[in-house]
Amino acid sequence: MAKTSLRTWHDRNKSPLFWLVTGLGVGMLRPAPGTWGSLLGVLMGYGLLKLQTDAITLVVLVAGLTVVSSLAINKIEARIGIHDAPEIIIDEVAGQWLALVPLTMFEPSLILYVLAFLLFRFFDIIKPWPIGWLDKKVAGGFGVMVDDLVAGILAGFGIIILQITGLLDGLY
């Protein structure tokens, strides 16, 4: 496969797949497109939670987004020849939504949104086991998605643990 990037994929703006996987172009922002994608995920998640989205619905939305995005990423990877191009940030959106699932169980606050963002970014960047292993071993579109999904799950568990142990008491 030719070594190109989404930046040199000249007809990318004509592709709905491009707009999906880059979060309507947010993935083109520099520096740190993954952080911008995570911020997009938090903002979209905030909107979903304002609509009274429950945990099950949010997980179903993540599952649907994962299937559609995995298929889209497969097509794009076949086209550009790069696995997990930095412009692809839909995986951060899905992972961030999973990090926000605990906010459907507790009273959402600015502190919890910030904590969900920071914990997700921590796990996504540091990639502790099994995230790093999945990142290296799972190929294709699902491989792009799965490490961020697990990072979101770990971030969500972190929020739950902090909440039930009372370590966040007094912060909001």
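Further up the page is the structure itself.
The rules behind each value
Residues numbered from 1 in each chain as written. Predicted model: local features only at pLDDT ≥ 70, side-chain atom pairs only at ≥ 80, totals over all residues. Heavy atoms only, no water. Helix = DSSP H or I, 4+ residues; strand = E, 2+ residues; numbered from the N terminus. Rg over C-alpha atoms; globule rule 2.2 N^0.38 Å. Contact = heavy atoms within 4.5 Å. Areas by Shrake-Rupley, 256 points an atom, 1.4 Å probe, with all protein chains shown as cover. Salt bridge = Lys/Arg side-chain N within 4 Å of Asp/Glu carboxyl O. Buried < 20%, exposed > 50% of the residue type's maximum accessible area, 1.4 Å probe, protein only. Axes fitted to C-alpha atoms, helices over the stretch in contact; angles between N-to-C directions. Parallel < 35°, antiparallel > 145°, perpendicular 65-115°, else oblique. Left-handed = near helix turned anticlockwise from the far one by under 90°. Nonpolar A, V, L, I, M, F, W, Y, C, P; charged D, E, K, R; others polar. Patch = residues over 30% accessible without salt bridge, like charges linked within 9 Å, V, L, I, M, F, W, Y side chains within 5 Å. Expected span 1.5 Å × (residues − 1). Polar contact = N/O pair within 3.5 Å; in protein donor to acceptor, adjacent residues only side chain to side chain. Phe/Tyr/Trp six-rings, centres within 6.5 Å; stacked < 30°, edge-to-face > 60°.

J.: Kindly report on the overall build of the chain, identifying the contributing residues and their values.
T.: Counting secondary structure elements, the chain contains seven helices and zero strands. Relative to the 2.2 N^0.38 estimate, which gives 16 Å for 172 residues, the radius of gyration of the chain is 16 Å and therefore close to what a compact globule would have. Oriented by its inertia axes, the alpha-carbon framework of the chain measures out at about 55 × 35 × 30 Å. At a minimum sequence separation of 6, the contacts of the chain that also span at least 24 residues come to 78%. Surface summary for the chain: the accessible area is close to 8,800 Å², and the carbon and sulfur share equals 72%.

J.: Pulling in residues and values, what's your account of the pattern of salt bridges?
T.: Here the structure, examined in full by the defined rule, presents four salt bridges. In this structure, Arg-121 and Asp-124 form a salt bridge, with 2.7 Å as the shortest nitrogen-oxygen distance. Of the two residues, Arg-121 and Asp-124 are both situated in helix α5 (residues 110–126); the distance of three residues between them amounts to about one turn of the helix. Relative accessible area serves as the criterion here: at 6%, Asp-124 is assigned to the buried category. What emerges from the salt-bridge pattern is a single network uniting Arg-121, Asp-124, Lys-127 and Asp-147.

J.: Lay out the packing of α5 against helix α7 (residues 140–164) in plain terms, naming residues and giving numbers.
T.: It is the contact of α5 with α7, at a shortest axis distance of 8 Å, that shows an interaxial angle of 135°. Our classification of the angle between α5 and α7 gives oblique. Handedness of the α5/α7 crossing: right-handed. Seen from α5, the contacting residues are Leu-112, Leu-115, Ala-116, Leu-119, Phe-120, Phe-123 and Asp-124; seen from α7, they are Asp-147, Asp-148, Ala-151, Gly-152, Leu-154, Ala-155, Gly-158, Ile-159, Leu-162 and Gln-163. Looking at the contact of α5 with α7, its residues break down into 11 nonpolar, three polar and three charged.

J.: Outline a nonpolar patch on the surface, listing residues and values.
T.: On the surface, Leu-29, Trp-36, Leu-39 and Leu-43 cluster together into a nonpolar patch covering about 360 Å² of accessible area. Within the fold, Leu-39 resides in helix α2 (residues 33–50).

J.: Residue-level account of α7, with values.
T.: If you check α7, its first and last C-alpha atoms are 37 Å apart, about what 25 residues at 1.5 Å a residue would give, namely 36 Å. At the exit of α7 stands Gly-166, carrying a positive phi of roughly 80°.

J.: Quick one: what's the story with the side chain of Thr-22, residue by residue and with numbers?
T.: Residue position: Thr-22 is located in the loop between α1 (16–21) and α2. Overall, Thr-22 belongs to the buried group, its relative accessible area being 0%. At a separation of 2.7 Å, a polar atom in the side chain of Thr-22 contacts the main-chain carbonyl oxygen of Phe-18.

J.: Could you give an account of helix α4 (residues 90–100), naming the residues involved and the relevant values?
T.: In an α-helix, one full turn covers 3.6 residues, which means residues spaced three or four apart are oriented alike. Counting buried residues along α4, 11 of its 11 residues qualify, which places the element largely inside the surrounding structure. Within α4 the residues assigned to the buried category are Ile-90, Asp-91, Glu-92, Val-93, Ala-94, Gly-95, Gln-96, Trp-97, Leu-98, Ala-99 and Leu-100. Buried residues along α4 sit in contact with α1, α2, α3 (55–80), α5 and α7.

J.: Quick one: what's the story with the packing of aromatic side chains, residue by residue and with numbers?
T.: Following the criterion strictly, the structure yields three aromatic pairs and no others. Centroid distance Phe-18 to Trp-19: 4.9 Å. Interplanar angle 80°. Geometry classified as edge-to-face. Ring geometry for Phe-122 against Phe-123: centres 5.2 Å apart, planes inclined by 70°, an arrangement best described as edge-to-face. Overall, Phe-123 belongs to the buried group, its relative accessible area being 16%.

Function cannot be inferred from these measures alone, as they are strictly geometric.
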